[in-house]
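Chain by chain, the residues:
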Amino acid sequence: MLLTAILIGTLLAGIGSVWLAAVLSFGVLARYTQHMLSLSAGALLATAFMHLLPEAFESQAGAQDLFMTLLGGLVFFFLLDKAELWHHGHEHHHHNQQQGRDAGHNSGHDHGHGHSHGHSHAPVAGTWAVLTGDSVHCFGDGVLIASAFVADLRLGVIAALAVLAHEVPHHMGDLMVLRQSSSNRQAALLKVSLAGAVTMLGGLLGYWLVDRLHDYLPYFLVVASSSFAYVALADLIPQLQKQLSARQTVAQIIWLFTGMGLVTLVSGLAHGH
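Worth saying up front: this structure is predicted, and the values here are computed from it rather than measured.

Enquirer: In this structure, what is going on with the packing of helix H3 (residues 63-82) against helix H8 (residues 217-240)? I would like to understand it.
Expert: How two helices sit against one another is set out by the angle between their axes and by the gap between those axes. Running from N to C, H3 and H8 cross one another at 45 degrees; their axes reach a closest spacing of 8 Å. The angle between H3 and H8 places the two elements in the oblique class. Between H3 and H8 the crossing geometry is right-handed. Between H3 and H8, the contacting residues are Asp-65, Leu-66, Thr-69, Leu-70, Gly-73, Leu-74, Phe-77, Phe-78 and Asp-81 on the first element and Pro-218, Tyr-219, Val-222, Val-223, Ser-225, Ser-226, Ser-227 and Tyr-230 on the second. Along the lines of polarity and charge, the residues of the contact of H3 with H8 split into 10 nonpolar, five polar and two charged.

Now the structure itself:
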């Protein structure tokens, strides 16, 4: 039962997020991308601070040890960020802004990725970098989701939905990069879907690992919360920190709290069952 729930949760978060990203990227809903960023940030923060961390601190583990794990997790994901494995999905926003500023300069340097280096073959090379980074990211998400499911079924559902929410903007960036290197929309969707499916492999490893290291489950939950908090605070929210009209700012705040509210609602419904 538990393993089945993990497989369903990781499949939903991994592949479901890709297809939702495709709808937002290729369909009439593309204009709601910024709202999705706000929603994702709210869901991640609520999951980390209202569910994962409280669950970890209810254990017998020492508070100082858990806080040290939280700090270590934040530093670890920062290093992954530097390695361009974790924080890669949204760089196209900054790249597009830079293109707009530099349109009068060399148009041959359209790389499609925020960390490329100005070579004409960068879109093809960037494709593999994006898919590799996405696969590693999804694998880690799967491990974190499995840890949450092992702790509590309700917690696993919340974690899976939070991962789904924050993966949508990431996959939208992936699809954009792949579309720049190939005009085939179906091929781009298939490649990103395969990367998303790696989430399920991470879930299987997470189930095996946590089952054998059950005493360390609180630490796994803290690492999961550090991942969610880092993505929200270092990746999503900075993209929302731009000068907007009062109406757009209010919409951002509403969607942020909507994400938090959805996590609370899902938690209440799951608890009721």
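After presenting the structure, the write-up continues.
Enquirer: Would you take a moment to explain the nonpolar core for this structure?
Expert: A general trend in soluble globular proteins is that nonpolar side chains are found buried together. Of all hydrophobic cores here, the largest spans 57 residues; its most connected members are Leu-44, Leu-52, Val-168, Leu-175 and Phe-228. Among the secondary structure elements, those contributing two or more residues to this core are helix H1 (2-26), helix H2 (33-57), H3, helix H5 (122-151), helix H6 (153-181), helix H7 (185-212) and H8. Setting aside residues up to four positions removed in sequence, Leu-52 forms contacts with Thr-47, Ala-148, Leu-155, Leu-221, Ala-224, Ser-225 and Phe-228.

Enquirer: Where do I start with a nonpolar patch on the surface in this structure?
Expert: On the surface, Met-1, Leu-12, Leu-153, Val-157 and Leu-161 cluster together to form a nonpolar patch covering roughly 460 Å² of accessible area. A total of three residues in the nonpolar patch trace back to one element, the largest contributor, which is H6. Position of Val-157 among the secondary structure elements: in helix H6.

Enquirer: Looking at this structure, I do not really get the packing of aromatic side chains. What am I missing?
Expert: Two numbers describe a pair of aromatic rings. These are the distance of the centres and the angle of the planes. Overall, the coordinates contain three aromatic pairs when judged by the stated rule. Judged by centre distance (5.1 Å) and plane angle (50 degrees), the ring pair of Phe-57 and Phe-67 falls under tilted. Taken as a pair, Phe-57 in helix H2 and Phe-67 in helix H3 lie far apart in primary sequence, 10 residues in all.

Enquirer: What exactly am I supposed to notice about the side chain of Thr-69 here?
Expert: Looking at where Thr-69 falls in the secondary structure, it is placed in helix H3. Beyond its immediate sequence surroundings of up to four residues, Thr-69 is in contact with Tyr-219, Val-222 and Val-223.

Enquirer: Where do I start with the pattern of salt bridges in this structure?
Expert: Charged atoms that come close allow side chains of opposite charge to pair. In the structure shown here, the tally under the stated rule is two salt bridges. Across the pair Arg-154 and Asp-152 runs a salt bridge whose closest N-O atoms are separated by 3.6 Å. Its relative accessible area of 25% is what places Asp-152 among the partly exposed residues. Note that Arg-212 and Asp-211 form a salt bridge whose closest N and O atoms lie 3.7 Å from each other. Given a relative accessible area of 51%, Arg-212 falls into the exposed group. Taking relative accessible area as the criterion, Asp-211 reaches 47% and is therefore assigned partly exposed.

Enquirer: I would appreciate a short explanation of the environment of Gly-42 in the present structure.
Expert: If you trace the backbone, Gly-42 turns up in helix H2. Classification of Gly-42 as buried rests on a relative accessible area of 0%. Setting aside residues up to four positions removed in sequence, Gly-42 forms contacts with Leu-256, Gly-259 and Met-260.

Enquirer: What am I meant to see in H8 here?
Expert: Helical geometry: 3.6 residues make up each α-helical turn, so side chains three or four residues apart lie on a common side. Compared with the 34 Å implied by 1.5 Å per residue over 24 residues, the 33 Å span of H8 between its first and last C-alpha is a close match. At Ala-232, H8 shows its maximal kink, close to 30 degrees. When you tally the buried positions in H8, you get 18 out of 24 residues, the bulk of the element.

Thresholds, definitions, all that
- Residues numbered from 1 in each chain as written.
- Predicted model: local features only at pLDDT ≥ 70, side-chain atom pairs only at ≥ 80, totals over all residues.
- Heavy atoms only, no water.
- Axes fitted to C-alpha atoms, helices over the stretch in contact; angles between N-to-C directions.
- Helix = DSSP H or I, 4+ residues; strand = E, 2+ residues; numbered from the N terminus.
- Parallel < 35°, antiparallel > 145°, perpendicular 65-115°, else oblique.
- Left-handed = near helix turned anticlockwise from the far one by under 90°.
- Contact = heavy atoms within 4.5 Å.
- Nonpolar A, V, L, I, M, F, W, Y, C, P; charged D, E, K, R; others polar.
- Core = buried A, V, L, I, M, F, W, Y, C linked by side-chain atoms within 4.5 Å.
- Buried < 20%, exposed > 50% of the residue type's maximum accessible area, 1.4 Å probe, protein only.
- Patch = residues over 30% accessible without salt bridge, like charges linked within 9 Å, V, L, I, M, F, W, Y side chains within 5 Å.
- Areas by Shrake-Rupley, 256 points an atom, 1.4 Å probe, with all protein chains shown as cover.
- Salt bridge = Lys/Arg side-chain N within 4 Å of Asp/Glu carboxyl O.
- Phe/Tyr/Trp six-rings, centres within 6.5 Å; stacked < 30°, edge-to-face > 60°.
- Expected span 1.5 Å × (residues − 1).
- Bend = angle between axes of the 7 residues up to and from the residue.

Just distances and angles here, no functional claims.
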